[in-house]
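Residue-level listing of the chains:
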Amino acid sequence: MLNHESLKKRIDLYAMTTFGGDFKDLLDSEKYVVLSKAMMETILPHWNQSRKNTETMKKAYYLSSEYLMGRFLTNNLIAMDTKDEVKEILKNMGVDYNQVEESEEDPALGNGGLGRLAACFLDSAATLGYPMDGYGIRYDFGLFKQKIVDGEQVEVADNWTKYGDPWGIRKISEKVRVTFKGGEIYAIPYDYPVIGYDNKLINTLRLWKAESLDEFDFRAFNDQNYDLAVKAKNDAENIAKVLYPNDSYEEGKKLRLKQQYFFVSASLQDMIRRFKSKNLDFEDFPKYHSIQLNDTHPAVAIPELMRLLTRKEDVEWDKAWRITTATFAYTNHTLLAEALEQWPERYYQELIPQVYKVILRIHQMLIDELKGKGIQDHDLNRYEIIHNGNIRMAWMSIFGSKSINGVARLHTDLLINQELNDWYRLYPEKFNNKTNGITQRRWLLQSNPELSELITELLGSEDWITDLKMLKNLESYADVPEIMERFLQIKWTKKKQLSDYILQEEGEEIDPDSLFDIQIKRLHEYKRQLLNAFHILFLYYELKENPDLKRVPRTFIFGAKAAPGYVRAKAIIRFINNIAELVNGDPAMEGKLKVVFVQNYRVSYGEKLFPAADLSEQISTAGKEASGTGNMKFMLNGAPTIGTYDGANIEIVEEAGDANNYIFGLKVEEIEKIRDSYNPEEIYQKDPKLRRVVDTLIDGTFEDKDGSYRELHNSLLYGANWHRADNYFVLKDFHEYRKAHEKADADYVDRLGWARKCWLNMSNSGKFSSDRTIEQYAQEIWDIEKI
Ligand code: 26W
């Protein structure tokens, strides 16, 4: 398929022209760049052809301020079915592909679930043959890299393009201007190929970089005012400099609003320019565009499209509004009140007054419509887009969109019945659910080739790679011991590989024969890593007191980044690391208990962790985790969930069966019932074993360096000025959580019984392919067709 000689030639040529040396002598990171560039040459003709082929079709556009694409190289080689060949070619050149692969920087242009979902969606759309392009920001610095030093998180800048950016094509000829009050700047597009699996369709992820119109002010330079000479350039470039590392708390920073407007305006101008070349009336714009807003971060697109249509393209207002509301759809990704974006009106006035004016008019249109519908004056404030000096982005998104969706059934139900109930009563037809999904190409085929091979062998076909529901046909092997033995062997292999990697990266030795109990996700109080930590301490004291206690040897693995300003989250990271030190340093725990906090959890670490798990920790407070997608990655790789009735856990268990998972804890309705009377102190006083672990925060077991352990302890027992005691019901759920673990422990002893549970999870994970999710978006919201 590949022309080996020509690829080799290209590799040699790029090695020389880019890095000035022979390929085999370059650094691994340089080899990666060279190889990727060489592969780009194979990709480009197909990519250009795909663009032509989809030019006349209706397309979906995904607007997202975050993308967590993960490494490109292997993913792209697999999609083009050239990985084995390339490996072979490199081998002949004396180069180990795996080393090159591992040297690729993970472009971390996102925080967590929302950004990774965007990446899975791009993969699925291309693979299914749907024309869908992504638009976003090409941050110079992605999410910080995390180091753990003395148990604490230390943030290091992530200069992900240090060695080059071989998959991004700078399309300077397609630059556009974006206007802010202080002046104009350029948005320069960088295009990344999104390669459909084995289908020749290549969509585009277009990320915008900010650049100044004037590079350099010569007059200032001649006046020896060097700072001023480059000020315009620096100011402009700062816009796309760095990703905000917050994934739940809205900070309301001006620069963040600038980022949002910057990429949204550029993207819409890009779409309009292409649309105009078709010589159609703007009335037809929605026939060619469906734009999905990934949360409210790009919601300024609604007034911006109105502005571009009415001020630049001479479309009259009412017609423009019809076009706008037929084009946009909005996905909500969180129920946390503190994450709902609201921008002070004056930021809009100061930074983008031209958009502010449009928002005023949209706001007035809403008020008129509400009055027309007979909504009473005293109820209007509930809907106001501009409210108490703030612009409510979710409200604008709802008013300006044809569709509003949540990301799991429970989440959508809560939106409809609670958070957005006012709006639901106004526009019931707009609301719908789209349960999240993940791409099996990255999260099974690429990350777990061993299990993939077994699946293909048993199914007698590779069709599951694009049709995950086929896994259902494997269910009955759960009762075939020889197959379960092979499955267990694969699990062990993945655990061994992870152990080797952890030894190399963290310097910790772990035993692949122990139960791997894994919680990997952003650090947040609602995700309750603290509950997990307390349970580990509980086990530790149990084992200390009763050395003959029969418990399965366990390795607890955590991976999590905390927002740099989130003091409690950082305290929890330190607490977990302190526990690790205590447990791992105690010879009595040898062969019984081990705790590892891995540094810098990210997509590529996830690819090693998910396949190696025996137990998936999904223990958020019910009603708080919109969906979760890590839960699906564990399931796909055959790990039972220990989790709450929250987000997609509910649907996971519905598919895989109660008996194969460990569901525990308060349900949403129960929480609502007890909320007002909940007194965690009572539980704490009544349960001395729980008290002991909670008190390790304050009794000197660990050093409370900065008072943050005391603060955590207080927050659990007495609350704080912004929340009640034990806001996330850690103490309340502790007992049931512990019991669920005991049950899992007892079940794990029966090797084949356990394998059966794992297998049934894997076999029933078909629903959670992002292919299914994208089909639903395509048919129920976007109304687009496959090429
Ligand atoms: C403004 C600060 C901010 C930044 C990001 C607030 C909120 C966000 C995101 C909406 C947070 C996020 O990533 N949400 C996650 O989205 C996933 C994909 O739908 C879900 O699976 C997770 O449950 C949800 O927490």
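Given the structure is predicted, the values throughout are model-derived calculations rather than measurements. (Residues numbered from 1 in each chain as written. Predicted model: local features only at pLDDT ≥ 70, side-chain atom pairs only at ≥ 80, totals over all residues. Heavy atoms only, no water.)

A. Structural context of the site of the ligand. Taken together, 21 residues form the shell around the ligand, and within it Glu-250, His-333, Asn-436, Glu-625 and Gly-628 come nearest. Separating an oxygen atom of the ligand from a side-chain N or O atom of Glu-625 is a distance of 2.6 Å. Here an oxygen atom of the ligand sits 3.0 Å away from a polar atom, N or O, in the main chain of Ser-627. In terms of residue count, the dominant contributor to the shell around the ligand is helix α6 (residues 113–128) (three residues). Among the residues making up the shell around the ligand, the classes are represented as seven nonpolar, nine polar and five charged. (Near = heavy atom within 4 Å. Polar contact = N/O pair within 3.5 Å; in protein donor to acceptor, adjacent residues only side chain to side chain. Helix = DSSP H or I, 4+ residues; strand = E, 2+ residues; numbered from the N terminus. Nonpolar A, V, L, I, M, F, W, Y, C, P; charged D, E, K, R; others polar.)

B. Main features of helix α2 (residues 28–54). Spanning 27 residues, α2 covers 37 Å between terminal C-alpha atoms, matching the ideal 39 Å at 1.5 Å per step. The largest bend along α2 reaches roughly 40 degrees and is located at Ile-43, with the proline Pro-45 sitting one to four residues downstream. (Expected span 1.5 Å × (residues − 1). Bend = angle between axes of the 7 residues up to and from the residue.)

C. Representation of the sheet that holds strand β13 (residues 390–392) within the structure. Pairing is antiparallel across the open sheet formed by three strands, whose spatial order is β11-β13-β12. Unpaired on one side and paired on the other, β11 (342–344) and β12 (386–387) mark the two borders of the sheet. Taken together, the two bridges between β12 and β13 define a ladder with antiparallel strand orientation. Paired with His-387 across the two strands is Asn-390, which belongs to β13. Of the strands in this sheet, β11 and β13 are in contact with helix α17 (residues 393–400), which crosses β13 at around 45 degrees. (Pairing = 2+ DSSP bridges. Contact = heavy atoms within 4.5 Å. Axes fitted to C-alpha atoms, helices over the stretch in contact; angles between N-to-C directions.)

D. Examining the environment of Lys-371 more closely. Considering the arrangement of structural elements, one finds Lys-371 in helix α15 (residues 353–372). Judged by its relative accessible area of 46%, Lys-371 falls in the partly exposed class. When the C-alpha atoms of Lys-371 and Thr-127 are compared, they prove to be 46 Å apart, with 244 residues separating the residues in sequence. Those residues in contact with Lys-371 that sit more than four places away from it in its chain are Asp-377 and Leu-380. (Buried < 20%, exposed > 50% of the residue type's maximum accessible area, 1.4 Å probe, protein only.)

E. Representation of the packing of aromatic side chains within the structure. This structure, assessed with the given rule, holds 31 aromatic pairs. Here the aromatic rings of Tyr-424 and Phe-431 are separated by 5.6 Å at their centres, their planes lie at 80 degrees, and the arrangement is edge-to-face. By relative accessible area, Tyr-424 is classed as partly exposed at 27%. Among the residues examined, Phe-431 registers a relative accessible area of 9% and is labelled buried. Each ring, one from Tyr-501 and one from Tyr-605, has its centre 5.1 Å from the other, and the planes form 85 degrees; the classification is edge-to-face. In this pair, Tyr-501 sits in helix α22 (residues 481–506) while Tyr-605 sits in helix α25 (residues 603–609), placing the two residues 104 residues apart along the sequence. The pair formed by Tyr-501 and Tyr-605 is uniform in burial state, with each residue classed as buried. Among the aromatic residues, those joined into a cluster by ring pairs are Tyr-62, Phe-121, Tyr-777 and Trp-782. (Phe/Tyr/Trp six-rings, centres within 6.5 Å; stacked < 30°, edge-to-face > 60°.)

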